Amino acid sequence: MSYGKEPGTIRKMLTESAERYAERDAFLLDTRVGVFSVKYKKFRSDTDALAVALIEILNLRNKKIAICAKNSYEWCLSYMAVISGVGVVVPTDKELSAEEIANILNMGRIDAVICDNQSAKKILSVIHSVEKKPVLISCEEREKDSLIPLKFLLQRGYELLAQGYTLPSADEINPESLAVLLFTSGTTGVAKGVMLSNRNLCSDLEAVTHSVEITQNDVSLSVLPLHHTYEAIAFLMMIYKGGCISFCKGFRYLVYDFAKYKPTVFVCVPLILEKMHRRITEKIEEDGNQKKIRLLSLVSGAMKEDKKRKIFEQVHKLFGGRLRKIIVGAAALKKNVAEDFELFGIPVIIGYGLTECSPIVICNSDRERTTDSVGKPVKGVEAKIKNKDENGIGEIYVKGPMVMLGYYNNEEETKKVISDGWFKTGDLGYKDRQGNYHLTGRSKNVIVTSTGKNIYPEELELMLYRHSAVKECIVYSKQDNVITAEILPDYDEIKLTMKKEAPTENDILEILCDILRGVNKKLPAYKRINRFVLREKEFNKTTTHKIKRG
């Protein structure tokens, strides 16, 4: 694995990549007439053209520009243009309500929004409540009233470049100044704007390359929303190392898009991987290969990756046939899922990060992988466990050049989480003898018993998730230290297990009771789950598919 010098700014990174990989594919795009590619040279030219147009036509130099749209080439182009010397980019969740988007526009004093048709409709419905009316730019074909087409800006930008207009030089971009502003929530009174610099992002890019190898031969399939820092850093990583990016149309098209783009790298959250795993295991059961899998798992440690790929050729076909690694983060992954993918010959790299840290700070690596921890701090990151309890569990603190500048216009909240350069993550965990970090939950979710004992709901949830009959669950205690598990059963799994087409409610309750008894046997008395609630529909989730608690 070879490493380059940290680029310092995203503009410089793109410039170097465009020179090094000029005629290589930067993007694969699905169109009505088939898949076509955008070369690195073209992506750089488009970026310059759009950036010049935003400055010279719309006077947006040093302004804040939001992007509120679905994943697309236009999204990546807009992000890169704004961060390349125009102003501050504000990636915004397109799934927020109109009122929540309006709140972000007001809090950030946003000057312009690059949006798709769906988001434009939301913004226009609440534009009366936005104090500073932003310029609206449409990144889709169909034009909306009062929106400026992105294609028009691109065309005019190329004309301006031909006339001799230039962008501010790369040296004029201060690596330490605000480059990206991310609001962690759109809810009034709760939203906090995370301020990231070019230095934050570039240091994280370089650090992660020391753990996870990406090359110019890699193709990624982008499925998570790009407004989330986790997916954005994956996009930037591909550009940094000369890889190619493709876009998934949606979860229902995932298998179709795997076959079309044949990715080599897949960045996802546990829920997506667990759904794929369930599909694979169902197929194994249908074919009656459970015994074969169990035998192979006993000897898999001595098997080479190419041997595993040959044995599990059908699994690899499901992912397009070329997938060489899966990167998982944003939530806890079931241990058995990671182990099974390792058995199939598809390494799973589990990492941990936060928006405030650009985002990755702790990660497994290509060389050293575990299935039950988030690994070790990446290059340049210091980590420690503070305020440990009797089990060695405490809050994880991290320090490094990727830690944010602070919260936007909120010095009080910034001081609460950053002290002497250390960022207090709010996540609880412990470090094992090998130096790997294990997450046990969020400090705000800890249940403290009347005797002063700490119970970590996420720990109990992971124990429940080890049972295939549990599809979703949360553990909580509302009063009197009664530990409650709210469980959504996996009805399909229960049908297979019981070999019954229509299990009764009593059948389901009996299965869940057995699971709880088994979990409680492994727990000390104060941690045991006292009751459970049967849930009928899925929990509300964030755009990265984490269950919203409370």
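Here, the structure is the one placed above.
Computed from a prediction, not measured in an experiment: that's the story for all the values here. (Residues numbered from 1 in each chain as written. Predicted model: local features only at pLDDT ≥ 70, side-chain atom pairs only at ≥ 80, totals over all residues. Heavy atoms only, no water.)

Q: Hey, could you go over the packing of aromatic side chains for me, with residue numbers and the actual values?
A: Under the counting rule described, the total for this entry stands at 13 aromatic pairs. A centroid spacing of 5.7 Å and a plane angle of 55° characterise the contact between tyrosine 21 and tyrosine 40, whose relative ring orientation is tilted. Taken as a pair, tyrosine 21 in the loop between helix H1 (10-20) and strand E1 (25-31) and tyrosine 40 in helix H2 (residues 40-56) lie far apart in primary sequence, 19 residues in all. Residues tyrosine 21 and tyrosine 40 agree in their burial class; the two are buried. Aromatic rings pair up to connect Phe258, Phe266, Phe312, Phe319, Phe341 and Phe344 into one cluster. Cation over ring: lysine 241 sits above tyrosine 240, and NZ or CZ is 5.1 Å from the ring centre. The ring of phenylalanine 539 has arginine 535 lying over it, and the distance from NZ or CZ to the ring centre is 4.0 Å. (Phe/Tyr/Trp six-rings, centres within 6.5 Å; stacked < 30°, edge-to-face > 60°. Helix = DSSP H or I, 4+ residues; strand = E, 2+ residues; numbered from the N terminus. Buried < 20%, exposed > 50% of the residue type's maximum accessible area, 1.4 Å probe, protein only. Lys NZ or Arg CZ within 6 Å of the ring centre and 35° of its normal.)

Q: How would you summarise H2 if you had to cite specific residues and measurements?
A: Across its 17 residues, H2 extends 24 Å between first and last C-alpha, which sits within 8% of the 24 Å expected from 1.5 Å per residue. Burial runs high along H2: 12 of the 17 residues are buried. Within H2, burial applies to Tyr40, Phe43, Asp46, Thr47, Asp48, Ala49, Leu50, Ala51, Val52, Ala53, Leu54 and Ile55. (Expected span 1.5 Å × (residues − 1).)

Q: Provide a residue-level description of helix H7 (residues 198-209), including the pertinent values.
A: With 12 residues, H7 extends 17 Å between its outermost C-alpha atoms, agreeing within 8% with the 16 Å of an ideal straight helix rising 1.5 Å per residue. With 11 of its 12 residues buried, H7 lies for the most part within the structure. For H7, the set of buried residues is Asn198, Asn200, Leu201, Cys202, Ser203, Asp204, Leu205, Glu206, Ala207, Val208 and Thr209.

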